[in-house]
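Structural characterization, general
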Amino acid sequence: MTNMLQVRDLHVTFVTPDRTVHAVNGVSFDLARGETLGILGESGSGKSVTLRSILRLHPEHRTRWSGSIKLEGDEILDMAPRALSDLRGQRVSMIFQEPATAFDPVFTIGQQIAETVRRHTGKSETESMKRAKDLLEMVRIPSPAQRLKAYPHEMSGGMRQRAMIALALSCNPTLLLADEPTTALDATVQIQVLLLIRELQREFNLGVIFVTHDIGVAVEVSDRIGVMYAGKLVEMAPVERMVDAPQHPYSRGLLASTVHDGMRGQRLESIPGAPPDLAEVPSGCSFAPRCKFVRPDCTTAVPALRDIEAAHAVRCVLAA
Amino acid sequence: MDTLLPIQDRGGPAQPLLLATGLRKHFPVAGGLFGRTTKVVRAVDDLSLSVAKGETLGVVGESGCGKSTVARLLIRLLKPDKGTMVLDGDPVDEPHGITVNELRRQVQMVFQDSYASLNPRLTIAETLAFAPRAHGLPAAEARERVRDLLSKVGLDPANYATRYPHELSGGQRQRVNIARALALRPRLIILDEAVSALDKSVEAQVLNMLVDLKTELDLTYVFISHDLNVVQYLSDRVLVMYLGKIVELGPVEAIYGNPQHPYTRALLSARPSMDPRKRTHEAPIQGDPPNPIDPPSGCRFRTRCPFAEDVCARVEPPLADAQFQAVACHMRVAGSGHSKAMAA
Amino acid sequence: MALQSPSLDVGGAILVKPTPASAGRGYWQSVGRRLRRDPVTLICAAILILLVLASIAAPYLYLADPYKTSMLRRLYPLGSPNHWLGTDELGRDMFARLIYGGRLSLFMGVTPVVCALLIGGSLGILAGFVGGKTNMAIMRIMDVFYAFPSVLLAISLSGAMGAGTENTLLSLTLVFIPPICRVSESVTTQVRGFDFVDAAKASGASAFTIVRVHVLGNVLGPILVYATSLISVAIILAAGLSFLGLGVKPPEPEWGLMLNTLRQAIYVNPVLAALPGVMIFITSICFNLMSDGLRAAMDVKA
């Protein structure tokens, strides 16, 4: 497997007159073609910011970046607007939590998918519409020919989410970014969409980065899982390894505090306190104030993300 | 007014704390030029439940199943179109019963959105003192109660009383919301998706706190959530709803260990696996829940049910007692006409 | 004043007040902080304060008599000795008349808006909070008034009731009730939908207490911002009515009326004839910009 995406030491800072937010503080990872990386984190951990940086979706005038994001050798952070718009949609696509915002309410689903196909490939109108129908079939929307004529509000949440996946895959991207795409869906629909993403990923050999706060969801789709906390990756491991033997105290706490079968009557293990304010760059381990294994050297320097074995990296002074 | 002491138990432990019978709530959907109502959302239809003293009744279901409407009906933020409620032996809002305001002293609610449920212009102390003051508690006593409430939910009164909601994290705000629900010393608290918006590590803190408060203050909970794992963790009995109807109701062990209704089974097996070696390979049911406007005839689940037959479209299955739980499915009713049902 | 009180008292008694040491930042404090960083709004506010102060203190400012006419000194140009803003068509000192004119013009601008705020605001909050049929009844009546253009409505009301300050005030008040009512209704409906209002209802508090504690604090801000923007409209409408002879009667100094009487001088001394218009322009633009600034400063959650 070759690495298609390389993120190196990414920093993202948002600057507004009121405050500065250091949202991402040095994130590095690789993604291979055909691999699914789950990024797990709580709100404010920087997981979505990291994901959106790959498409440079943040408002340019109040975002400061440093580091490098290379897709198949091309540096995304240096791209000119023209190259950037070719990148978006053609090589990299994104699906969001709320499909309603991805579609324009005044056009039908078919018109919108066909329009995207036409813009990126220059196909004729009838050809694009045919492609749109094939795409809806591909995401397993029943009676696709009729659904082409439906407006977004006429579809249920699950159908809209499928349609958004169809739209995202309309130009054969190689990398799919998913930002909590199943969070707003009902349980019985969520599993359908997760399975669909997994199948399509295999079928088209896509690289997928799947951002979620739900461990169960991450386990269902990911090959590797990265755990983010306060703008940093604190642990990265193959999914089995992450579930069986998480090393970072935060990952451990997160897994232990997630309620699942058979915990009834037990006291839940919880992480005390709340995530830190990101107004300043931390000088030590960001998790130290909440960590029960904290040592004096935790606060003196930011621990490095070290490989403790093949493909398993941990950012903790205690990890061996 | 009294000084808001806890209300004493009346009917003894065997009498249900809250008994709701035949609750129905339909919402008209305004349409047409002059706002004529053309359609109705059948949010809750003929729903009966009882909440025993000291138990936690979990209510699960997907969006549009009417679980939030149930919450609002139980505390009478919505007036039911039909049905009666009895609180510890007293009929609610009836000639010889208690008033809605008396109900609300004993039944309180915690909402999902911790931000929208706190007035942004009031400090935490002002928010917490509002209900006791409105019930005539003198200012000094109200201040004392605010301090007490904050300590109960694990927030240092000296540090948090004068803060505003936007200065608190989501978990802290939800603690304040729980404190507010406790302010009138109620007996029953309805938790409507109260932990759903919280991060997992914070959710665990709040769940632990809810368990502690329940024992300490002798509370009864109605815990409404879409998260099956959390409901399983907290509840003694579980009620499963689908499109405004109860499909299954029973002890938590029976519902999770031996689900009888095809919908309950689907819901349970739709949970993401926590083990990467045992991933889900097939979705238990296809499609989305239908719109609660014009729900399917007969059994409302039949459009997604793998076992649906003619009888399911014609006859509405009653909520009938099965082994340990009550189930609304023709397959469990002897002689219903379903091929999988036992003969009468 | 409602604007300055960061904490509402509950049930009549003052609760724990924020102490300076560990106090949280209230909403109005952060609004104030934002306003202090907005030079345009600050300048506009300063100009308006200056105008108001000058109008109030006019009799003590050693100004020339604004009523004293002189056939000899008619239409002196700007910069004349003793009359540095010139004199009007009857030889009265322009500077004095502009300052004295501000008294009436500002009064005519602010009073109807305040009256309309009290009446329209209450009606709107009532309609928004109660909803249902009450809302329908109040809002449909307002829609009827709303259907007339405001200028036309003011002119026809003033025309029907006759010229004069009181009638102008009354007709302007009537003109402003519907828009303020509409804005109040829509913000109240919005606030009513928040869970904290439901939580307050669930606590068994009376509707009046809920409105006082939970609704007012959240709706007053936007309503006041809107009302501020109406003051400039009121000044222009009042001036317009005076110009048409339906408002203030001569010889009272009032900007609209002055504009009317000076219009004969437009070919002789156009700059002089434009001066009352300049005052109307400055005042109304200041009110508008200040209202925009307030809106921007208040458009924050925290």
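The rules behind each value
Residues numbered from 1 in each chain as written. Chains lettered and ligands numbered in written order. Predicted model: local features only at pLDDT ≥ 70, side-chain atom pairs only at ≥ 80, totals over all residues. Helix = DSSP H or I, 4+ residues; strand = E, 2+ residues; numbered from the N terminus. Buried ≥ 20, exposed ≤ 12 C-beta atoms within 10 Å, placed from the backbone. Rg over C-alpha atoms; globule rule 2.2 N^0.38 Å. Pairing = 2+ DSSP bridges. Axes fitted to C-alpha atoms, helices over the stretch in contact; angles between N-to-C directions. pLDDT = per-residue confidence, 0-100. Contact = placed C-beta atoms within 7 Å. Core = buried A, V, L, I, M, F, W, Y, C linked by C-beta atoms within 7 Å. Nonpolar A, V, L, I, M, F, W, Y, C, P; charged D, E, K, R; others polar. Left-handed = near helix turned anticlockwise from the far one by under 90°. Expected span 1.5 Å × (residues − 1). Bend = angle between axes of the 7 residues up to and from the residue. Parallel < 35°, antiparallel > 145°, perpendicular 65-115°, else oblique.

Quick look at the overall build of chain C now. Along chain C, the regular secondary structure elements total ten helices and zero strands. Reading chain C from its N terminus to its C terminus gives the helix and strand order α-α-α-α-α-α-α-α-α-α. Overall, the C-alpha framework of chain C stretches about 75 × 50 × 30 Å when taken along its three principal axes. Counting the 302 residues in chain C, one finds 43% classified as buried.

Let us look at the overall build of chain B. In terms of regular secondary structure, chain B is built from eleven helices and twelve strands. Over its C-alpha atoms chain B spans a radius of gyration of 22 Å, differing by no more than 12% from the 20 Å that the globule rule assigns to 344 residues. Across its three principal directions, the C-alpha atoms of chain B cover 70 × 55 × 55 Å. When burial is assessed residue by residue, chain B has 53% of its 344 residues classed as buried.

Right, let's talk about the sheet that holds strand S9 (residues 224–229) of chain A for a bit. All names here are of chain A. Spatially, the eight strands line up as an open sheet ordered S6-S7-S8-S3-S9-S10-S12-S11, and their pairing is mixed. Two strands bound the open sheet, and with one partner strand each, they are strand S6 (92–95) and strand S11 (306–309). On average, adjacent strands in this sheet sit at an angle of 25 degrees to one another, irrespective of strand direction. As judged from the three bridges shared by S11 and strand S12 (residues 312–314), these two strands associate in the antiparallel manner. The residue bridging Asp307 from the neighbouring strand is Ala313, located in S12.

On to the confidence of the model for chain C, then. All names here are of chain C. Residues at a pLDDT of 70 or more form 90% of chain C, whose mean pLDDT is 81. Mean pLDDT across the elements of chain C bottoms out in helix H1 (residues 27–36) (81) and peaks in helix H7 (residues 195–202) (92). Residue range residues 1–24 is modelled with pLDDT below 50. Its contacts to residues more than four positions away, or to other chains, number 49 contacts. At the level of chain-chain contacts, confidence expressed as ipTM amounts to 0.86, with global pTM at 0.85.

Before going further, it helps to examine the nonpolar core. In this structure, Leu74, Ile190 and Val222 of chain B together with Ile180 and Ala234 of chain C are the most contacted members of the largest nonpolar core, which totals 260 residues. When residues in this core are grouped by element, the largest group, 19 residues, is from helix H8 (residues 207–243) of chain C. The residues touching Leu74 of chain B, leaving out its near neighbours within four places in the chain, are Leu18, Ala20, Val107, Ile190 and Val222 of chain B.

All names here are of chain A. With ten bridges connecting them, strand S1 (residues 3–15) and strand S2 (residues 20–32) associate as antiparallel partners. Bridge pairing in S2 places His11 opposite Asn25. Here S1 folds back onto S2 in antiparallel fashion, the turn holding four residues. By the bridge criterion, eight bridges tie S1 to strand S4 (residues 63–71) in an arrangement that is antiparallel. Residue pairing for S4: Phe14 is matched across the bridge by Thr63.

It is worth spelling out the interface of chain A and chain B at this point. On the side of chain B, 35 residues touch chain A, which itself brings 37 residues to the contact. At the level of secondary structure, the elements contributing two or more residues to the side of chain A that touches chain B comprise helix H6 (157–168), helix H7 (187–204), helix H8 (215–221), helix H9 (239–244) and helix H10 (249–257) of chain A. Residue composition of the side of chain A that touches chain B, by class: 16 nonpolar, 14 polar and seven charged.

Moving on to the sheet that holds S4 of chain A. Either a parallel or an antiparallel arrangement is found when strands of a sheet pair, and the pairing is made through backbone hydrogen bonds. Residues and elements named next belong to chain A. On the basis of which strands lie adjacent, the open sheet formed by four strands has the order S2-S1-S4-S5 and antiparallel pairing. Of all the strands in the sheet, just S2 and strand S5 (74–75) have a single pairing partner and so form its edges. On top of the sheet, helix H1 (residues 47–54) reaches S1, S2 and S4; it is set at about 65 degrees to S2, its chief contact.

Another point: helix H1 (residues 67–74) of chain B. Residues and elements named next belong to chain B. Taking burial as the measure, the eight residues of H1 include eight buried ones, the bulk of the element. For H1, every residue scored as buried is listed here: Lys67, Ser68, Thr69, Val70, Ala71, Arg72, Leu73 and Leu74. After H1 finishes, the residue Arg76 shows a positive phi value of roughly 60 degrees.

Moving on, we get to the packing of helix H5 (residues 150–161) of chain C against helix H6 (residues 165–192) of chain C. All names here are of chain C. Where H5 contacts H6, the axes come no closer than 9 Å and their chain directions differ by 145 degrees. Remark: the crossing between H5 and H6 carries right-handed chirality. On H6, the residues that touch Ser150, Leu153, Ala154, Leu157, Ser158 and Met161 of H5 are Asn167, Thr168, Leu170, Ser171, Leu172, Leu174 and Val175. When its residues are assigned to classes, the contact of H5 with H6 shows eight nonpolar, five polar and no charged.

It is worth spelling out the arrangement of the chains at this point. Contact analysis covers two pairs of chains in contact, and the most contacts occur between chains A and B. The smallest C-alpha distance separating chain A from chain C is 9 Å, and no contact links them.

Let us look at helix H3 (residues 94–130) of chain C. All names here are of chain C. Taking 1.5 Å per residue as the helical rise, H3 with its 37 residues ought to reach 54 Å, and the 52 Å between its terminal C-alpha atoms agrees with that figure. Along H3, the sharpest change in direction is near 25 degrees and occurs at Leu117. Counting buried residues along H3, 26 of its 37 residues qualify, which places the element largely inside the surrounding structure. Gly131 sits one or two residues past H3 and shows a positive phi near 70 degrees.

Here the focus is the packing of helix H6 (residues 170–182) of chain B against helix H7 (residues 200–217) of chain B. Residue and element names in this part refer to chain B. Remark: H6 packs on H7, axes separated minimally by 10 Å, with the N-to-C direction vectors making an angle of 20 degrees. Considering the angle they form, H6 stands roughly parallel to H7. Note on packing geometry: the crossing formed by H6 with H7 is right-handed. Packed against H6, whose contacting residues are Gly170, Gly171, Gln174, Arg175 and Leu182, the element H7 presents Val202, Gln205, Val206 and Leu217 at the interface.

With that out of the way, let us pick up unusual backbone geometry. Backbone geometry at Glu180 of chain A places phi at a positive 50 degrees, although glycine is not the residue there. Structurally, Glu180 of chain A is set in the loop between strand S7 (175–179) and H7. The residue Glu193 of chain B is not glycine, and still its phi comes out positive at about 50 degrees.

A word on the pairing of strand S10 (residues 245–251) of chain B. Within a regular beta strand, the side chains point alternately toward one face of the sheet and then the other, so they alternate between its two faces. All names here are of chain B. Among the seven residues of S10, six are classified as buried, and the element is accordingly described as predominantly covered. Pairing analysis gives six bridges linking strand S9 (residues 237–242) to S10, with the strands arranged antiparallel. The partner of Tyr242 across the bridge, within S10, is Lys245. Both S10 and strand S12 (residues 326–327) contribute to a ladder of two bridges, which runs antiparallel. Paired with Glu248 across the bridge in S12 is Val327.

Residues and elements named next belong to chain C. With respect to the helices and strands, Asp93 occurs in the loop between helix H2 (39–57) and H3. Judged by local crowding, Asp93 falls into the buried class, with 26 C-beta atoms found within 10 Å. For the pair Asp93 and Asp65, spaced 28 residues apart in the sequence, the C-alpha separation amounts to 7.3 Å. Among all residues touching Asp93, those that are not within four sequence positions of it are Ala64, Pro66, His83 and Thr87.

Now for the environment of Gly193 of chain C. Mapping Gly193 of chain C onto the fold places it in the loop between H6 and H7. Separated by 41 residues in the primary sequence, Gly193 of chain C and Ala234 of chain C have C-alpha atoms spaced 33 Å apart.

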